[in-house]
Each structure stands twice: as C-alpha cells, then as structure tokens.
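Coordinate analysis (summary)
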Amino acid sequence: MTDQSTTPLVELRDVSKFYGNIKALEGVSLEVHAGGISCVLGDNGAGKSTLIKIIAGLHQHDAGTFSIEGEETRLANPRDALDRGIATVYQDLAVVPLMPVWRNFFLGSEPTRGAGPFKRLDVDLMRRTTRSELLRMGIDLRDVDQPIGTLSGGERQCVAIARAVHFGAKVLVLDEPTAALGVKQSGVVLKYVAAARDAGLGVVLITHNPHHAYLVGDRFVLLKRGAMSGSHARDEISLDDLTREMAGGSELDQLSHELER
C-alpha cells in the first residue's frame, strides 16, 4: 500500500489542457506514490489520453502544476520524462513483431562491445539480461530468441513492464494494458502490474474497467468529459460504488426510468 506521508513521485494539481477552445482536461489532480497504484478511470473521450500525454512529456499542461518528487516541472519531451524516471507503456506497445524478444527488450538502448570498426552489439549480454530480468519479474519465457510477435498480448505487456523496471523507471504509466485481452491474460498482466508496485515503483493504471482497477488499485481518479468526477482511496469506496460512479450513477437511474416507461 502507498505511504501517503511521503512526497509523491508525481503530483498533478488542478492541471488543465486546452486545444484552442476545446477543454481536453480541466482541473485534474493526481498523486502517484512509490509502491502504490493510482487508477485513472473513464470512458472514451474522458481525457485519459490527454492525461497520459502530459505525464509522458508529449504535451505540456496549460494550467495547474505538475511536480516530480516535489519539484514543479514542465517536461520538454518523452526523453525528458524517461530521464526523470517516468516510463509509459502504450496500448500498441511500440514493438517490432519480427524481432526477437531480447532485441525488443533493448530497443533503442542496445549495449555494445569493442571499439571503432570492431564495435558490435553485445548480443550475449542482451540475451542473458533479458532472460534474468523477465525471471526476476516472475516471467518465464520459453525462448527469448522467439519473435515478440509470437507472444500473446498479455506476455508482450509483461515484457514491456519488465523492460521499464530494468531501465530504472520510478513511475510506470500503463495505457489500458488489459483492454484487448481476455480474462486469463488480463489476470496475468495485473499480476505483473502488482509486481512492479511491489518492486517500489509508482504505477498509473489507465483503464475503463473498474473491476480490473479495484483488484490492484490504491486510489481511483474518475474522469468525465475532461474533468474529475471523483477521487477516492480504496478504503473509501466499494467496487459496486466505483462501478456505479463510473457508469454515471444518476444518469443510469434516469435512463432506467425512461426505459421502464
């Protein structure tokens, strides 16, 4: 469980983002603590993608404050976010399907050996490291030489999580990691989300599934049309209430009444 007395790894306070006259986000607040999972829930168009882009350094906020470990900041780009310890795993994962697992694990950060014209990729080190890092997260792949495209969606998500942990992420942002997965594969991914939390990372889990969020979450922020419609610690809300609040609550009652008529 997250320790609320410590300085948050990432804190957004009344953050807003505008595209011309369109309010993509307005007055959104979020805290991410080490060893805690903050879930951001909302339907399509709720503002989840915009929030991810701000935390990941793709876009800058227009109002409010964004702090990393207590220091107010503006991220210049995604590399800036990575350098500050924020890793984002997007739904499409940005992997090269025909490349082996180990090559995808080190994509863009390949270690080399030798110098000058004799410089080459350290393939043995990458293979060994990939296998040991996956095992450390509890992921036992049959063969790290197999193309990553042959893995299931859940296994690819788990490789991406292990990669972020290996490269020193303090904050892991997961964009709908279970959206396209069945029940069993979703359970596998959530297990490794919990493993990242237990490794001391602060996790932001973006999802539209309150059941998945409630299985692992410590805090829940609900977005609706770019604004916050609720913010709750786990011990303040039940799964039924979380599901009802996300589904619209009073709007559902009104719809039910109209359908009955």
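Located above this text is the structure these notes cover.
In this report, the structure presented in the accompanying data block is examined. (Residues numbered from 1 in each chain as written. Predicted model: local features only at pLDDT ≥ 70, side-chain atom pairs only at ≥ 80, totals over all residues. Heavy atoms only, no water.)

1. Brief notes about helix 5 (residues 153-166)
Counted at 1.5 Å a residue, the expected span for helix 5 with its 14 residues is 20 Å, and the 20 Å between its end C-alpha atoms agrees. All of the buried residues along helix 5 are G154, Q157, C158, V159, A160, I161, A162, A164 and V165. Packed against the buried residues of helix 5 are strand 6 (86-89), helix 3 (101-105), helix 4 (123-136), strand 9 (171-175) and helix 6 (183-198). Looking one or two residues past helix 5, G168 carries a phi angle of roughly 85°, positive in sign. (Helix = DSSP H or I, 4+ residues; strand = E, 2+ residues; numbered from the N terminus. Expected span 1.5 Å × (residues − 1). Buried < 20%, exposed > 50% of the residue type's maximum accessible area, 1.4 Å probe, protein only. Contact = heavy atoms within 4.5 Å.)

2. Remarks on the packing of aromatic side chains
Evaluation of the coordinates by the stated rule reveals 4 aromatic pairs. Ring centres of F105 and F167 lie 6.3 Å apart, and the angle between their planes is 40°; this geometry places the pair in the tilted category. Separated by 62 residues along the polypeptide, F105 in helix 3 and F167 in the loop between helix 5 and strand 9 bring together distant segments of the chain. Ring geometry for F106 against F167: centres 5.7 Å apart, planes inclined by 85°, an arrangement best described as edge-to-face. Taken together, the residues span a long stretch of sequence, with F106 in the loop between helix 3 and strand 7 (112-113) and F167 in the loop between helix 5 and strand 9 at a distance of 61 residues. Its guanidinium or amino end placed over the ring of Y214, R234 lies 4.3 Å from that ring's centre, counting from NZ or CZ. (Phe/Tyr/Trp six-rings, centres within 6.5 Å; stacked < 30°, edge-to-face > 60°. Lys NZ or Arg CZ within 6 Å of the ring centre and 35° of its normal.)

3. Let's talk about the side chain of D175
Relative to the helices and strands, D175 is located in strand 9. Buried and unpaired, D175 has K48 as its nearest opposite-charge partner, separated by 7.1 Å. Those residues in contact with D175 that lie beyond four places of it in its chain are I52, V89, Y90, Q91 and I206. (Lys, Arg positive; Asp, Glu negative; His and termini not counted. Salt bridge = Lys/Arg side-chain N within 4 Å of Asp/Glu carboxyl O.)

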